[in-house]
Amino acid sequence: VSGVLLKGLASEFSTAGCQGARLKTGTIATDPDVIASGRPVTIPGLLPHMKTQQFIASDVGRNIRQCRIDVYTGEGDAAKQLAYRVTNRHHRVCM
């Protein structure tokens, strides 16, 4: 899938995902009509930023529709900077 818009999310207040589970760095939220929960997802463009390109779709969000993926980048200032680096870039996603 080409042209997926990524949003980096750094936590300032809560580390709980929409389903109540604690988020960990690299958690991705997807539209379950596009990428089913539990499905492995490869995002090659994140390798230089997050030291991995392998993710599991494990969260959802009410603002996540169609070709949008939220990537949880962690807590604190470094996580915020990482979120800014990956946000609003169109990436190729392999499932």
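Look up: the structure comes first, before these words.
Residues numbered from 1 in each chain as written. Predicted model: local features only at pLDDT ≥ 70, side-chain atom pairs only at ≥ 80, totals over all residues. Heavy atoms only, no water.

Got a minute to help me understand the overall build of the chain in this structure?
Counting secondary structure elements, the chain contains 2 helices and 6 strands. Ordered by position from N to C terminus, the α and β elements of the chain give β-β-β-α-β-β-α-β. Of all 95 residues assigned to the chain, the portion counted as buried reaches 39%. Summarising the internal contacts of the chain: among those between residues at least 6 apart in sequence, 78% fall at separations of at least 24. Here the chain has roughly 5600 Å² of accessible surface; of this, 50% comes from carbon and sulfur atoms. (Helix = DSSP H or I, 4+ residues; strand = E, 2+ residues; numbered from the N terminus. Buried < 20%, exposed > 50% of the residue type's maximum accessible area, 1.4 Å probe, protein only. Contact = heavy atoms within 4.5 Å. Areas by Shrake-Rupley, 256 points an atom, 1.4 Å probe, with all protein chains shown as cover.)

Looking at this structure, how should I read helix α2 (residues 77-86)?
One full turn of an α-helix is made of 3.6 residues, so residues set three or four places apart face in the same direction. Buried residues of α2: Ala79, Leu82, Ala83 and Val86, and no others. The arc that holds the buried residues of α2, viewed along the axis, is 105°, so those residues lie on one side. Exposed positions of α2 whose direction lies more than 90 degrees from the buried face are Asp77 and Tyr84. (Arc of directions from axis to C-beta.)

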